Amino acid sequence: MSTVAERLNDIQQQINEACRRAGRSPEEVTIVAVTKSVGPERAREVINAGIRELGENRNEGLDQKHSAIGSDARWHFIGSLQSRKVRDIIGRIDFLHSLDRGSLAKEIQKRAEQPVDCFVQVNVSGEASKSGVAPEATADFIRMLGAYDKIRIVGLMTMAPNTDDEEVIRRTFRGLRELRDEISSLGLPNAPCTELSMGMSNDFGIAVEEGATFVRIGTAIVGYESGERS
Ligand SMILES: *Cc1c(COP(=O)(O)O)cnc(C)c1O
């Protein structure tokens, strides 16, 4: 069994290689370690290994790890978020990766004291099982968000289909990048929209080749803890 630090080292090397293939600089890629399936001790190991960005997808997990680690990390909320939970998490997160509807935006506007850095989640692959705004509706959605001064759109987020077909995965990530380019070129004051949150344990190499600036990696870094699969 390898350690968290060894696995991170290996992942960083794979990122470096993907960057080399794509003519990018590894500094452009930030690793968000997704700690949703492990407890605070394992999350602390990630911090000790030099990662400062942690991702959680539920209020309870965020609560538990935020109490243990606090401002030693920046906190990324990556899961679908119910509007009624906004009040509980909004003061503790640095990034929301899953803004996908107007009612959620409205609740953030109501509850946040400071502007929140958000990614709009886009359903590039069009799978019925996936949440996210349709690609063709994304620009209008972001224009509409201009009414909310507590929301800053830093970029777009997507999840690729769960498949071994690399071309399908690549096409999904490329589609998000093209949409990002289109939206950032609009020059909307509420939406610099420079970032791309894409790539997980199984597909982060492809995501980096296609322009990811935030990769959300869970099991490949932290593994599983017994009885805590999710
Ligand atoms: C769980 C999760 C991840 C990390 O998944 P792994 O396959 O463990 O790397 C990334 N993004 C989202 C939205 C997730 O829910």
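Quantities reported herein were computed from a predicted structural model and do not represent experimental measurements.

Calculation criteria
- Residues numbered from 1 in each chain as written.
- Predicted model: local features only at pLDDT ≥ 70, side-chain atom pairs only at ≥ 80, totals over all residues.
- Heavy atoms only, no water.
- UniProt positions renumbered as here; feature names shortened; annotations may be inferred.
- Helix = DSSP H or I, 4+ residues; strand = E, 2+ residues; numbered from the N terminus.
- Contact = heavy atoms within 4.5 Å.
- Phe/Tyr/Trp six-rings, centres within 6.5 Å; stacked < 30°, edge-to-face > 60°.
- Buried < 20%, exposed > 50% of the residue type's maximum accessible area, 1.4 Å probe, protein only.
- Core = buried A, V, L, I, M, F, W, Y, C linked by side-chain atoms within 4.5 Å.
- Axes fitted to C-alpha atoms, helices over the stretch in contact; angles between N-to-C directions.
- Parallel < 35°, antiparallel > 145°, perpendicular 65-115°, else oblique.
- Left-handed = near helix turned anticlockwise from the far one by under 90°.
- Nonpolar A, V, L, I, M, F, W, Y, C, P; charged D, E, K, R; others polar.

## Examining the UniProt feature "domain: Alanine racemase N-terminal" (unreviewed entry) in the chain
In the UniProt entry, the feature "domain: Alanine racemase N-terminal" (unreviewed entry) is given for residues 8–225. Taken as a whole, residues 8–225 contains 41% helix and 17% strand, while its terminal C-alpha atoms sit 17 Å from one another.

## Concerning the environment of alanine 112
Looking at the element boundaries, alanine 112 is found in the loop between helix H5 (102–111) and strand S5 (116–121). With 22 residues separating them along the chain, alanine 112 and isoleucine 90 place their C-alpha atoms 6.2 Å apart. Once you skip the residues sitting within four places of it in the chain, alanine 112 turns out to touch Ile90 and Lys150.

## A short note on the packing of aromatic side chains
Within this structure, the stated rule accounts for 3 aromatic pairs. Seen in terms of ring centroids, phenylalanine 95 and phenylalanine 119 are 6.2 Å apart; in terms of plane orientation they differ by 45 degrees. Their pairing is tilted. Of the two residues, phenylalanine 95 sits in strand S4 (residues 95–99) while phenylalanine 119 sits in strand S5, which places them 24 residues apart along the sequence. Here phenylalanine 119 falls in the buried class, since its relative accessible area comes to 0%. Ring geometry for phenylalanine 95 versus phenylalanine 214: centroids 5.6 Å apart, planes at 55 degrees, classification tilted. Here the residue phenylalanine 95 occupies a position in strand S4, and phenylalanine 214 occupies one in strand S8 (residues 214–217), the gap between them amounting to 119 residues.

## Considerations on the nonpolar core
Core analysis: the biggest nonpolar cluster contains 64 residues, and Leu99, Ile108, Ile153 and Ile221 have the highest contact counts within it. Looking at this core element by element, the count peaks at 6 residues for helix H1 (residues 4–22). With residues near it in sequence (within four places) discarded, isoleucine 108 still touches Val86, Ile90, Leu96, Leu99, Val116, Lys150 and Ile151. Residues Val32, Phe95, Phe119 and Val154 belong to the second largest nonpolar core, which totals 6 residues.

## Side note on the packing of helix H2 (residues 40–48) against helix H3 (residues 59–69)
When two helices pack together, their arrangement is given by the angle between their axes and by how far apart the axes lie. Interaxial distance between H2 and H3 falls to 10 Å at its minimum, and their mutual angle equals 55 degrees. Classified by the angle between their axes, H2 and H3 sit oblique to one another. Two packed elements cross with a definite hand, and for H2 against H3 that hand is right-handed. Facing Pro40, Ala43, Arg44 and Ile47 of H2, the residues of H3 in contact are Gln64, Lys65, Ala68 and Ile69. Along the lines of polarity and charge, the residues of the contact of H2 with H3 split into 5 nonpolar, 1 polar and 2 charged.

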